[in-house]
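Coordinate analysis (summary)
This is what each chain is made of:
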Amino acid sequence: MTSKQTTANTTSPIGIAAKGYAVDSASTPFKLFNFERRMPAADDVVIRIHYCGICHTDIHQVYNEWHMSKYPMVPGHEITGVVEQVGSSVKHFRAGDHAGVGCMVDSCRKCHICKKDTEQNCADSCLTYNSTELDKVTPTYGGYSNLIIVKEHFVCKIPKNLPLDAAAPLLCAGITTYSPLRRYKVDKHTQLGIVGLGGLGHIGVKLGAAMGAHVTVISTSESKRDDAMKLGAKAFLVSKDDEQMKTAANSLDLIIDTVSAPHDVAPLLNLLKFEGVYCAVGAPTKPLEIGAFTLLMKRPTITGSLIGGMKETQEMLDFCGKHNITCDIEKIEATPETIKTAYDRTVKADVKYRFVLDILNAFK
């Protein structure tokens, strides 16, 4: 590590002492958890975590709703903080920089997928939590903790004009919506539909509007209309209103579906133009049902998108910095009790639009 940059962390021959909030099973509450981060290597960045967003993925994983959870688990992959140390080979970060860590902390960086800058789809990608490092043994622990050590390649710079708390959800919600918007070349000629106005949806509206698209928000609730318009939408559809949905048929070039709960996608596909694109970025626990005749008659592209690669994630952050885009958040104290309450409210869609944990003050 560079001699000029120091930290107050306690070290041992094994690693650096850390603490966070963890669960031991799908049915046990969060508790204080003492653990060790690995010793920093030459290409590592040590980050003091200031904030961590609560993603719906955290809830799925904590409660083992996807049947792949490993315990003990420290969730959190919407991480922002300040660099405390850098390794001797780190080139783009120094102590004091504002930094972010998203959904992954490593990949093989050798396969054809990684070489296409889509590390998130690498077979050996290492998720920020509920995963292991490349050795397939060392568990990864996420951002509900006081510090994290990450390879420079997987650390992003947070633009100075973006506050660290409101920027935190960009590391997941931001890149999750930005990636398909860029892939399908959204611009002023695009009729864009955003399904759901939650943590993902609200930032998708902001990004789409900043790209010049005509944004239509599709929601089950009329109560979201005013908020959608304030965020930059030009139109609003209540998906339960058959007449509204019928009137808007064949009007959209691209639909980004952000909903994580099971839902009927057939009415959404009817909104697409001929050869339009439906892209799922939410992850419902039940499979989608799509009628064959919709595929035959409209020739839609049915696809999905998983976050984005590191190059694209930095591009997204720079775009947000240029357009002054952040997430609408509710910042909360980080305790086992407040995390549980935030989970319950998130499931009920009772937040505008993302909870962010104040990690720095929790672990002072």
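Each value, and the rule that gives it
Each chain has its residues counted from 1, running along the sequence as written. The model is predicted, so local features are restricted to residues of pLDDT at least 70 and side-chain atom pairs to those at 80 or more, both for listing and for counting; the totals for chains, interfaces and linings are taken over all residues. In computing side-chain properties, one takes all heavy atoms of the structure into account and sets aside hydrogens as well as water. For our purposes a nonpolar core is just a set of buried Ala, Val, Leu, Ile, Met, Phe, Trp, Tyr and Cys residues, chained together by side-chain atoms within 4.5 Å. Exposure categories follow from relative accessible area, calculated using a 1.4 Å probe and restricted to protein chains: below 20% of the type maximum is buried, above 50% is exposed, and the middle band is partly exposed. Helix and strand definitions here come from DSSP, where helices need a minimum of 4 consecutive H or I residues and strands a minimum of 2 consecutive E residues; each element is numbered from the N-terminal end. Domain segmentation is taken from an automatic or database assignment of domains. Should any heavy atoms of two residues lie within 4.5 Å, those residues are considered in contact. In this scheme Phe, Tyr and Trp rings, the latter by its six-membered ring, pair at centre separations within 6.5 Å, and the angle between planes marks the pair as stacked below 30 degrees, edge-to-face above 60, and tilted otherwise. Under this scheme, a helix contributes an axis fitted over its contacting stretch, all axes are lines through C-alpha atoms, and angles between N-to-C directions fall in the 0 to 180 degree range. For this classification, under 35 degrees means roughly parallel, over 145 means roughly antiparallel, 65 to 115 means roughly perpendicular, and everything else is oblique. The classification used treats Ala, Val, Leu, Ile, Met, Phe, Trp, Tyr, Cys and Pro as nonpolar, Asp, Glu, Lys and Arg as charged, and all other residues, Gly among them, as polar. UniProt positions are given in the numbering used here, feature names are shortened, and annotations may be inferred rather than shown by experiment. For a helix, the expected span equals 1.5 Å multiplied by the residue count minus one. Each salt bridge in this description consists of a side-chain nitrogen of Lys or Arg and a carboxyl oxygen of Asp or Glu lying within 4 Å of one another. Accessible area, probed at 1.4 Å, shrinks when two parts are joined; the buried area is that loss added up over both. Polar contacts here mean pairs of N or O atoms no more than 3.5 Å apart (in protein, one a potential hydrogen donor and the other a potential acceptor; neighbouring residues in sequence count only if both atoms are side-chain atoms). Two strands qualify as a pair provided DSSP detects at least 2 bridges between them.

Right, let's get into the nonpolar core. If you look at the biggest cluster of nonpolar residues, it comprises 96 residues, and the most contacted ones within it are Tyr144 and Leu170. Here the element with the most residues in this core is strand S3 (residues 44-53); it accounts for six residues. For this core, the two domains that each supply at least three residues are domain 1 (5-172 + 309-362) and domain 2 (174-304). Not counting residues within four places of it along the chain, the set of residues in contact with Leu170 comprises Leu162, Ile175, Ile203, Met316, Leu317, Cys320, Ile325 and Cys327.

What follows concerns the packing of aromatic side chains. Across all of its chains, the model carries eight aromatic pairs by this definition. Here Phe33 and Phe35 contribute two aromatic rings whose centre-to-centre distance is 5.3 Å and whose plane-to-plane angle is 15°, an arrangement assigned as stacked. One exposure class covers both Phe33 and Phe35, and it is buried. Between Tyr63 and Tyr343, the aromatic rings sit 6.2 Å apart at their centres with planes inclined by 85°, giving edge-to-face as the arrangement. Separated by 280 residues along the polypeptide, Tyr63 in the loop between helix H1 (56-62) and strand S4 (79-86) and Tyr343 in helix H11 (residues 336-347) bring together distant segments of the chain.

Right, let's get into the environment of Ala22. Topologically, Ala22 is positioned in strand S1 (residues 15-22). Spatially, the C-alpha atoms of Ala22 and Met73 are 5.1 Å apart, while their sequence positions differ by 51 residues. Ignoring sequence-local partners within four residues, the contact set of Ala22 consists of Pro29, Phe30, Lys31, Phe33, Met73 and Val74.

With that settled, the discussion passes to the packing of helix H4 (residues 173-183) against helix H10 (residues 310-323). Following both chains from N to C, one finds H4 and H10 inclined at 100°, their axes separated by 10 Å at the closest point. Relative to H10, the element H4 lies roughly perpendicular. Here Gly174, Ile175, Tyr178, Ser179 and Arg182 of H4 lie close against H10, whose contacting residues are Glu312, Thr313, Glu315, Met316 and Phe319. For the contact of H4 with H10, the per-class residue count stands at four nonpolar, three polar and three charged.

Feature annotation in UniProt places "domain: Enoyl reductase (ER)" (unreviewed entry) on residues 27-342, given in this structure's numbering. Annotated as residues 27-342, this span is 26% helix and 27% strand, and its ends, taken at the C-alpha atoms, are 16 Å apart.

With that out of the way, let us pick up the environment of Tyr51. As for its placement among the helices and strands, Tyr51 is situated in strand S3. For the pair Tyr51 and Ser88, spaced 37 residues apart in sequence, the C-alpha separation works out to 26 Å. Setting aside anything within four residues of it in sequence, one finds Tyr51 in contact with Glu78, Ile79, Thr80, Leu164, Asp165, Ala168, Lys331, Val356, Leu357, Asp358 and Ile359.

A few words now on H10. Here H10 contains 14 residues, and its C-alpha end-to-end distance of 20 Å stays within 8% of the 20 Å for a straight helix at 1.5 Å per residue. Elements in contact with the buried residues of H10: strand S6 (104-106), strand S11 (156-157), H4 and helix H5 (199-210). Directly beyond the C-terminal end of H10, a positive phi value near 55° is found at Asn324.

Counted according to the given criterion, the structure contains 19 salt bridges. Residues Lys273 and Asp253 are paired through a salt bridge, measuring 3.2 Å at the closest nitrogen-oxygen approach. Of this pair, Lys273 sits in strand S16 (residues 272-280) while Asp253 sits in strand S15 (residues 252-257); the two residues are 20 residues apart in sequence, bridging distant segments of the chain. Overall, the relative accessible area of 31% leaves Lys273 in the partly exposed class.

Let's shift gears to the domain arrangement of the protein chain. When cut into domains, the protein chain gives domain 1 (5-172 + 309-362) and domain 2 (174-304). Taking the mean C-alpha position of each, domain 1 and domain 2 sit 28 Å from one another. With 22 residues of domain 1 at the interface, the matching set in domain 2 holds 21 residues. When domain 1 packs against domain 2, the two sides together hide about 1,800 Å² of surface, and 60% of this comes from carbon and sulfur. The interface formed by domain 1 and domain 2 holds three salt bridges in total. The shortest N-O distance in the salt bridge between Lys206 and Asp328 comes to 2.7 Å. Our count for the contact surface shared by domain 1 and domain 2 stands at 14 residue pairs in polar contact (both at pLDDT 80 or more). Contributions of two or more residues to the side of domain 1 that touches domain 2 are made by H1 and H10.

On to the sheet that holds strand S14 (residues 235-238), then. Pairing is parallel in the open sheet, where six strands are placed in the order S14-S13-S12-S15-S16-S17. Here the strands that pair on one side only, and so sit at the sheet edges, are S14 and strand S17 (301-304). Here the average twist between neighbouring strands, direction ignored, is 20°. Note: S15 against S16, five bridges, orientation parallel. Looking at the pairing, Ile255 lines up with Tyr278 of S16.

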